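Coordinate inspection notes
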Amino acid sequence: MPRKRDLIIKGFSKLLKEDKLKIVAELMDNQIESIELLKSFWYADSEKQKVFDEFSENTLTNYYVPYGVAPNVQINGQTYLVPMVIEESSVVAAASSAAKFWLDRGGFHAEVIDTVKEGQVHFLWEGNKEKLLSTFGELKKRMLEDAGYITANMEKRGGGILDFELVDLKHKIRNYYQLKVTFETVDSMGANFINSCLEEFAKTLKDFFASHPLFEKKEKEVNVVMSILSNYTPQCLVKTWVECDIKELDNVDKSLTGMEFAKKFQTAVRIAEVDTFRATTHNKGIFNGVDAVAIATGNDFRAIEAAGHTYASQKGQYQSLSHVEINKNKFKFYLEMPMALGTVGGLTSLHPLAKHSIEMLGNPSAKELMMITATMGLANNFSAIKSLVTKGIQMGHMKMHLMNILNHFKATEEEKALAAAYFKEKKVSFAMVGDYIHKLRHA
Ligand code: MEV
């Protein structure tokens, strides 16, 4: 379709929302319909809509994604109804089915291994490293003092700065050092806290080199390249697992004994440990569950994904994040992954549904939410592999997708009920559903 206007728009962000809507609508065939559609997704209460508008820039409307719930998720003996926000039809069903399966076999188990986060001030400095090391204690003290106004509140909550380290990376980039800082951010994800601290440390660093009598001429200058947290959090780590006697797996599939199922399941996971192509899909299945909970609770799922994928590559090859152990008669399936998230601050308290999710989960600490979120990753992973090594995933997947296909054909409630009954025992495909609806309408 030819563009109807020049799309270089200076000062777009300063326009009124109504004017932005009109500009966007000019790209559409039916401008009135476009504006009506976008407005139909606004919150009825304009004050509430304003909160959404202010989350981001140039907000036009809200984009709905289903908010569902997985019941019967038992972790360390406590049972949760876990909120999940996701558009993919089968994810909540898969998580719920795994939750139910493990409820009858002791539930999920989880533990937080550590909660340390880190950030770096990346700087270039040409000088005598020994001098810098000899004054590092003084520098640390100054940095702690200067950032005191930022850290005071966090310290009251039990967190703060844990340690400073000078990392010499001159062998990689000329004159390159890192000031590596570790943090404890308790129940907040802590990105703003960490970044504010790091920018303060960068100021102190510049001032320290410039004013300290030990440094001479060119040593007084430091080139701070950037100050930023690292989303790779291998020390903010959670583990979740399920285990049972292999005979408890006897009824998983009619054609397999418990041991055969366990071995086949283990082989499927081994394949994801050795083959990058499979590992990517395998881990995607884990993130189906993880991201859905992260979004429902207002957490930054991109940060969790980034850390998870880096962690999956820590041995030099991208691998499965989950693993299986079979010891005599015991089957154990576990997942270990980094997980930086929060239950206070950020979107968790501003987005009404994120707030709702947190309350639904019993106002968990960040540690508890780490365990819940990782567990939903394991639950989805378990269901996917269980289907893959038995009946395949398309059967269940397409069953869940049936409603989307029926909606595509604008099926009535009556047609949907008939189609659901008809496809109960049959394979679902777009073409087959199309044929069925056509026949129904022309019978
Ligand atoms: C689909 O969203 C996820 C799966 O492909 C994961 C897997 O293959 O393990 C089913």
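No experiment lies behind these values; they were computed from the predicted model shown.

Our focus in this paragraph is the site of the ligand. E88, R278, T281, H282, K284, G285, N288, A384, L388 and I393 make up every residue found near the ligand. E88 places a side-chain nitrogen or oxygen 2.6 Å from an oxygen atom of the ligand. Between an oxygen atom of the ligand and a side-chain N or O atom of N288, the distance comes to 2.9 Å. More than half of the atoms of the ligand fall within 2 Å of the grid points belonging to the second largest pocket. For the shell around the ligand, the elements supplying multiple residues, two or more each, are α10 (276-296) and α14 (366-388). Considering every element that reaches the shell around the ligand, the biggest residue donor is α10, with 6 residues.

On the surface, a nonpolar cluster with roughly 300 Å² of combined accessible area is contributed by V51, F55, L347 and L350. By secondary structure assignment, the location of F55 is in the loop between α3 (46-53) and β1 (67-75). Residue F55 is classed as partly exposed on the basis of its relative accessible area, which comes to 31%.

Looking now at the environment of G342. Tracing the backbone shows G342 in the loop between β9 (330-338) and α12 (347-350). Take G342: its relative accessible area is 2%, and that puts it in the buried class. Separated by 68 residues in sequence, G342 and K410 place their C-alpha atoms 41 Å apart. Each residue touching G342, except ones within four places of it in the same chain, is listed here: D187, S188, M189, N299, T348, A366 and L369.

Let's shift gears to the domain arrangement of the protein chain. Split into domains, the protein chain comes out as domain 1 (1-64), domain 2 (80-111 + 237-391), domain 3 (117-229) and domain 4 (397-441). Put simply, the middle of domain 2 and the middle of domain 4, counted by C-alpha atoms, are 30 Å apart. Across the boundary between the two partners, domain 2 contributes 4 residues, which contact 4 residues of domain 4. Counting the surface lost from both domain 2 and domain 4, the interface buries some 310 Å², and carbon and sulfur atoms represent 56% of this. Put simply, domain 2 and domain 4 have 0 salt bridges between them. Counting across the interface, domain 2 meets domain 4 through 1 residue pair in polar contact (both at pLDDT 80 or more). For the side of domain 2 that touches domain 4, the residue count by class is 1 nonpolar, 2 polar and 1 charged.

Buried within helix α16 (residues 413-422) we find E415, K416 and A419. All buried residues of α16 project into a common sector of 100° when viewed along the axis, lining one side. Opposite the buried face of α16, at more than 90 degrees from it, the exposed residues are E413, E414 and A421. Contacts from the buried residues of α16 go to α15 (394-408) and α17 (430-441).

The next subject is the layout of surface pockets. Space inside the largest pocket adds up to approximately 1,300 Å³. In terms of lining residues, the largest pocket is bounded by 40 residues, among which F55, I295, G298, L347 and H351 are the most central. Breaking the lining of the largest pocket down by element, the ones donating at least two residues are α8 (191-211), α10, α11 (301-312), α12 and α13 (352-360). The element that contributes the greatest number of residues to the lining of the largest pocket is α8, accounting for 4 residues. Across the lining of the largest pocket, the residue classes break down as 22 nonpolar, 16 polar and 2 charged. In this structure, the second largest pocket encloses a volume near 740 Å³.

Rules behind the numbers
Residues numbered from 1 in each chain as written. Predicted model: local features only at pLDDT ≥ 70, side-chain atom pairs only at ≥ 80, totals over all residues. Heavy atoms only, no water. Near = heavy atom within 4 Å. Polar contact = N/O pair within 3.5 Å; in protein donor to acceptor, adjacent residues only side chain to side chain. 1 Å grid on protein atoms, 1.4 Å probe; cavity = no way out; pocket = protein on both sides within 12 Å on 5 of 7 lines; lining within 4 Å. Sits in = over half its atoms within 2 Å of the grid points. Helix = DSSP H or I, 4+ residues; strand = E, 2+ residues; numbered from the N terminus. Patch = residues over 30% accessible without salt bridge, like charges linked within 9 Å, V, L, I, M, F, W, Y side chains within 5 Å. Areas by Shrake-Rupley, 256 points an atom, 1.4 Å probe, with all protein chains shown as cover. Salt bridge = Lys/Arg side-chain N within 4 Å of Asp/Glu carboxyl O. Buried < 20%, exposed > 50% of the residue type's maximum accessible area, 1.4 Å probe, protein only. Contact = heavy atoms within 4.5 Å. Domains from an automatic or database assignment. Buried area = accessible area lost by both parts, 1.4 Å probe. Nonpolar A, V, L, I, M, F, W, Y, C, P; charged D, E, K, R; others polar. Arc of directions from axis to C-beta. Points joined across faces, edges and corners; volume = space filled by probe spheres on them.

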